[in-house]
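Summary of structural features
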Amino acid sequence: MNGSPHLPANIRQWYGDSRGHWEGNSLVIDVTNFSPKTDYRGSRENLHLVERWTRTGPKTLEYQVTVEDPTVWTRSWTVKQEFTKQSDEQNRIYYEPRCVEGNIGFPTVMRNARLEDEAFAKGKGPDPLTHDNASGFGDDDPLQ
């Protein structure tokens, strides 16, 4: 936010190098210099993001991000999401996140997710990004 330029291209960071500035009432954040270890849908060190946060009303905020990597996609693409402020009462209540200490099944869940990724990369399974691995039911819902 202080107007400084991006880091030199040889300095790479896991979450990239962010630089922000204001364009009218939008906060614009330019993110480059991602690490080769970063992986967002196949994009790594050539990933470039331009994020825009714009107040659209007294209780609404629009987030827009343009994603670009000419080594992965033929053109850039943009996603938008609008956020609505909760009431002050809802914002006041904070529930502590659930603890995973002692969750002996978690390593197996993570291992299976990595195996699904690996199988898909070899053309031997469904795309994990579209695969229902949250409900546990898949195609055969026993409650139906």
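Thresholds applied
Counting from 1, residues in each chain are numbered in the order their sequence is written. Owing to the predicted nature of the model, reporting of local features is limited to residues with pLDDT of at least 70; listing and counting of side-chain atom pairs is limited to 80 or more, with chain, interface and lining totals taken over all residues. Only heavy atoms go into the side-chain values, all of them from the structure, while hydrogens and water stay out. Secondary structure elements follow DSSP: runs of H or I of four or more residues count as helices, runs of E of two or more count as strands, with numbering from the N terminus. Exposure classes here rest on a 1.4 Å probe applied to the protein chains alone. A residue is buried below 20% of its type maximum, exposed above 50%, and partly exposed in between. A contact between two residues is defined here by any heavy atoms of the two lying within 4.5 Å. In short, Shrake-Rupley with a 1.4 Å probe defines the accessible areas, and a residue's cover is counted only from the protein chains shown. Salt bridge, as applied in this entry: a Lys or Arg side-chain nitrogen positioned within 4 Å of an Asp or Glu carboxyl oxygen. In plain words, nonpolar cores are sets of buried Ala, Val, Leu, Ile, Met, Phe, Trp, Tyr and Cys residues tied together by side-chain atoms within 4.5 Å. Only the six-membered ring of Trp is used, alongside the rings of Phe and Tyr, when aromatic pairs are assigned; centres must lie within 6.5 Å, and planes under 30 degrees apart are stacked while those over 60 apart are edge-to-face, with the rest tilted.

1. What about the overall build of the protein?
Per the secondary structure count, the protein includes 2 helices and 5 strands. Ordering the α and β elements of the protein from the N terminus gives β-β-β-β-β-α-α. Among the 144 residues that make up the protein, the fraction classed as buried is 20%. Sequence-distant contacts in the protein: of pairs separated by 6 or more residues, those separated by 24 or more amount to 24%. When the accessible surface of the protein is split by element, carbon and sulfur atoms take 54% of a total near 11500 Å².

2. Regarding the pattern of salt bridges
Applying the stated criterion to the full structure yields 5 salt bridges. Of the charged contacts in the structure, one is a salt bridge between Arg44 and Asp39, with a shortest N-O distance of 3.1 Å. Overall, the relative accessible area of 35% leaves Arg44 in the partly exposed class. Relative accessible area serves as the criterion here: at 47%, Asp39 is assigned to the partly exposed category. Asp117 is paired through a salt bridge with Arg114; the nearest N and O atoms lie 2.9 Å apart. Separated by 3 residues within a single helix, Asp117 and Arg114 lie in helix 2 (residues 106–121), roughly one turn from each other. Judged by relative accessible area, Asp117 falls into the partly exposed class, the value being 32%. In this structure Arg114 comes out as partly exposed when scored by relative accessible area, which is 43%.

3. Details of the nonpolar core
Leu27, Ile29, Val31, Phe34, Leu47, Leu49, Tyr63, Val65, Val67 and Trp73 form the largest nonpolar core, which has 10 residues in total. Contributing elements (two or more residues each) for this core: strand 2 (26–32) and strand 4 (60–68). In contact with Phe34, other than residues within four places in its own chain, are Arg12, Gln13, Trp14, Tyr15, Gly16, Arg44, Glu45, Leu47 and Leu49.

4. A closer look at the packing of aromatic side chains
For the structure on display, the rule yields 4 aromatic pairs. Between Tyr40 and Trp77, the ring centres sit 6.3 Å apart and the planes meet at 25°, which makes this aromatic pair stacked. Taken together, the positions of Tyr40 in the loop between strand 2 and strand 3 (48–57) and Trp77 in strand 5 (residues 77–84) put the pair 37 residues apart, joining distant regions of the chain. You can call Tyr40 partly exposed: its relative accessible area is 34%. Its relative accessible area of 27% is what places Trp77 among the partly exposed residues. Aromatic pair Trp73 and Trp77: ring centres 5.5 Å apart, planes at 80°, arrangement edge-to-face.

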